[in-house]
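Next come the chains, spelled out residue by residue.
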Amino acid sequence: MSSINKNNVGIDVIAFSTSDYFLSLKTLAEHRDVDYRKYYEGIGQERMSIFPPNEDIVTIAIDAAQKVLSKIDNKNDIDLLIFATESSFDLSKSAGIYVHHFLGLKPSCRVFDMKQACYSATAALQMAKSFVESNSASKALVIGSDIVKYSPNTSGEPTQGGAAVAMLVSENPRLAYIEPFSGIYTTDIADFWRPAAATEAMFDGRLSAHNYLRSLGCALDNYLEQSSLNFEDINYTCFHAPFNKMAIKAVRQFFPERDIKDALIYNALIGNSCSASLYISLISLIDNCKRNLAGKRIGMYSYGSGSVAEYYSLVISDRYKNTLFSDSNKENLANRIEISFDEYEKLSTTAEIFNYTSKEGGKRLYRNIGSVFLAEIKDGYRIYAEA
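Remember, it's a predicted structure, so these values are computed and weren't measured experimentally.

K.L.:
Explain the overall build of the protein chain to me, and be specific about the residues and the numbers.
P.N.:
The number of helices and strands found in the protein chain is 11 helices and 16 strands. For a compact globule of 387 residues, the expected C-alpha radius of gyration is about 21 Å, and the protein chain comes in at 20 Å, within 12% of that figure. If you line up the protein chain on its principal axes, its C-alpha atoms span 65 × 50 × 40 Å. Counting all 387 residues of the protein chain, 58% fall into the buried class. Considering only intrachain contacts with a sequence separation of at least 6, the fraction spanning at least 24 residues in the protein chain is 74%. Accessible area for the protein chain stands at about 16600 Å²; split by element, carbon and sulfur atoms hold 47% of it. Placing the 40 positive and 46 negative side-chain charges of the protein chain at their respective mean positions leaves the two points 2 Å apart.

See the structure below:
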C-alpha cells in the first residue's frame, strides 16, 4: 500500500436523502395547543420528516448512496463502506450489508457499522480518511443514517425527523479536503441513552444542551491548539443540530459575528437526523451560500451525547461545484407531501404495518423515496425489495 499526503484526502461527493412526507410544525402546534412560535422561534424548526413504514435507515441510505455513485466512474474502487447510525435495528448484522448488496459493490469490500450517538458519522469519516491515506487507489463510502422518533406530547416530539447522508472519501477530492488536525473532547455523562430493549431514547435535555456547549468550548480550544489557527482563519461554521436553536446558541457564544442561516435551512425542514445532521448542515451551506466557497475553511462541530465531541475543518476545493446536487436537493424538499395530523398519528402508532397497497385497486399507499423499500419483517429479519 502506498501512502499519500494527509492534506490531499477528503470528501469527493456528498448527497442526502430524507422522507417524501413531512408534518408542518404549525399543524403540530395547533393540535398540541401551543403557539407555533415555540417551535419556529423557540427551537428553530419548521417541519419534520415523517417516514412511512416502507422506509427506514437502510432505504434512505441506499437512495443517498446511489446519488453519490452517479457522480463516479467506477464503483469497484470502493474498498470500504462504513454505516454510522444510532437507529440500528439489529445488534449483530450491519445495516451496511444491505446497502452493499443493493449498490452492487464488489465482494472484496469491508463493511461495518459504527455507533456513538450523533457523533458516529464523523468518527466514520475520520476512519475512512485514514484508510484512504494508507492506499491511494482506494475509495471509501461513509453513510450516516438515522430516523428520530419520540412519544406524543413530549419535549422531543417537535424535533423528530430523519435523513441519510452519503459521502465518498478519496484522494484529490472534488468537494473538500479534510484538514489533518482535530479537537477532541470525551467525557462520561448521562444526557442521552437508549437501552437495547427500548424503542425511544431517554434524555436530560438541559444537561445535554449544557454539555453540547461545554464540549464545543473544549474541542474548539483543542482544535486551535493542534492547528495553530485563530478564529479569524475559520470562514464558515457548521454544527450538529438536534434542533436549530442549539446551533444558533453555539454561534452566539463562540462565533458571535458569524451568520449560519444558510447552513440551517435544510435542518429546519428535515428535523433531527442525528449522525447525518452535521452533514445536512454542510450540504445546506454549500447549496444556499451565494458566495464562492472555493478555498474557504469550514469549521465542523460534531457532538454525540454520552459523550464525544470533535471540532475539525474542511477546505473547499476549487472544483466543488462539479459534484453538487443543489437544484435537485431544493426541488425534492419543495415537492414533499404534507400529511395531516391524523395521518401523522397513524404513522406514529403503526410503525411496522406493511399494508402498502389498498384492498380496492392495489394502489400503493406511500410512494418510495428511492429504488428500494422495506417489504416485510419476518421472524425479526428485514426483507427489502426493489420498487
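K.L.:
Residue-level account of the sheet that holds strand β2 (residues 21–24), with values.
P.N.:
Spatially, three strands are ordered β3-β2-β14 in an open sheet, and the strand pairing comes out mixed. Each edge of the sheet is formed by a strand with only one pairing partner; in this case those strands are β3 (47–50) and β14 (337–338). Against the sheet, helix α1 (residues 25–32) contacts β2, β3 and β14, and its axis sits at roughly 50° relative to β2.

K.L.:
Describe the pairing of strand β11 (residues 236–239), listing the residues and the values that go with them.
P.N.:
Remember that side chains alternate between the two faces of the sheet whenever the strand is regular. Neither face of β11 is open: one carries Y236 and C238, the other T237 and F239, and all of them are buried. The pairing of β11 with strand β12 (residues 297–304) spans four bridges and is parallel. Across the sheet, T237 pairs through a bridge with G299, a residue of β12.

K.L.:
Would you mind going over the side chain of R382 in detail, with residue names and values included?
P.N.:
Assignment of secondary structure puts R382 in strand β16 (residues 381–386). Exposure remark for R382: the relative accessible area of 14% places this residue in the buried category. A distance of 3.1 Å separates the side chain of R382 from the side chain of D56, its partner in a polar contact. Engagement of the side chain of R382 in a polar contact is seen with the side chain of Y384, the distance being 3.4 Å. When sequence neighbours within four positions are dropped, the list of residues in contact with R382 reads D56, F89, Y98, L374, E376 and I377.

K.L.:
Explain the sheet that holds strand β1 (residues 9–17) to me, using residue names and the numbers behind them.
P.N.:
Taken in spatial order, the nine strands line up as β5-β4-β6-β7-β1-β8-β13-β12-β11 in an open sheet, and their pairing is mixed. Looking at strand neighbours, the two that pair on one side only are β5 (110–114) and β11, the edges of this open sheet. With direction set aside, neighbouring strand axes in the sheet form an average angle of 25°. Direction of pairing for β1 relative to strand β8 (residues 176–186): antiparallel, over a ladder of two bridges. The partner of G10 across the bridge, within β8, is Y177. Seen against the sheet, helix α4 (residues 95–103) touches β4 (78–84), β5 and β6 (139–148) and runs at an angle of roughly 135° to β4. Running over the sheet, helix α6 (residues 205–227) touches β8, β11, β12 and β13 (308–316) and is turned about 125° from β8.

K.L.:
With reference to specific residues and values, describe the packing of aromatic side chains.
P.N.:
Inspection of every chain in the model, using the stated rule, returns 17 aromatic pairs. Ring plane angle 25° and centroid distance 6.4 Å describe the contact between F192 and F203, whose orientation is recorded as stacked. Here F192, found in strand β9 (residues 192–193), pairs with F203, found in strand β10 (residues 202–203); they are 11 residues apart in sequence, far enough to count as distant. By relative accessible area, F203 is classed as partly exposed at 33%. Judged by centre distance (6.4 Å) and plane angle (15°), the rings of F255 and Y311 are stacked. With a gap of 56 residues between them, F255 in the loop between α7 (244–254) and α8 (261–270) and Y311 in strand β13 connect regions that are remote in the sequence. A residue is classified by how much of its surface remains accessible, and Y311, at 0% relative accessible area, is buried.

K.L.:
Quick one: what's the story with the environment of R194, residue by residue and with numbers?
P.N.:
Inspection of the secondary structure puts R194 in the loop between β9 and β10. Overall, R194 belongs to the partly exposed group, its relative accessible area being 36%. Taking the C-alpha atoms as reference points, R194 and E86, 108 residues apart in sequence, are found 9.0 Å from one another. Excluding residues within four positions of it along the chain, R194 makes contact with E86, S87, S88, T199, E200 and A201. Within the structure, the side chain of R194 is placed 3.1 Å from the backbone oxygen of E86, a separation counted as a polar contact. At 2.9 Å, the side chain of R194 forms a polar contact with the backbone oxygen of A198.

About the cut-offs
Residues numbered from 1 in each chain as written. Predicted model: local features only at pLDDT ≥ 70, side-chain atom pairs only at ≥ 80, totals over all residues. Heavy atoms only, no water. Helix = DSSP H or I, 4+ residues; strand = E, 2+ residues; numbered from the N terminus. Rg over C-alpha atoms; globule rule 2.2 N^0.38 Å. Buried < 20%, exposed > 50% of the residue type's maximum accessible area, 1.4 Å probe, protein only. Contact = heavy atoms within 4.5 Å. Areas by Shrake-Rupley, 256 points an atom, 1.4 Å probe, with all protein chains shown as cover. Lys, Arg positive; Asp, Glu negative; His and termini not counted. Charge placed at Lys NZ, Arg CZ, Asp CG, Glu CD. Pairing = 2+ DSSP bridges. Axes fitted to C-alpha atoms, helices over the stretch in contact; angles between N-to-C directions. Polar contact = N/O pair within 3.5 Å; in protein donor to acceptor, adjacent residues only side chain to side chain. Phe/Tyr/Trp six-rings, centres within 6.5 Å; stacked < 30°, edge-to-face > 60°.

These figures come from the coordinates and say nothing about function on their own.
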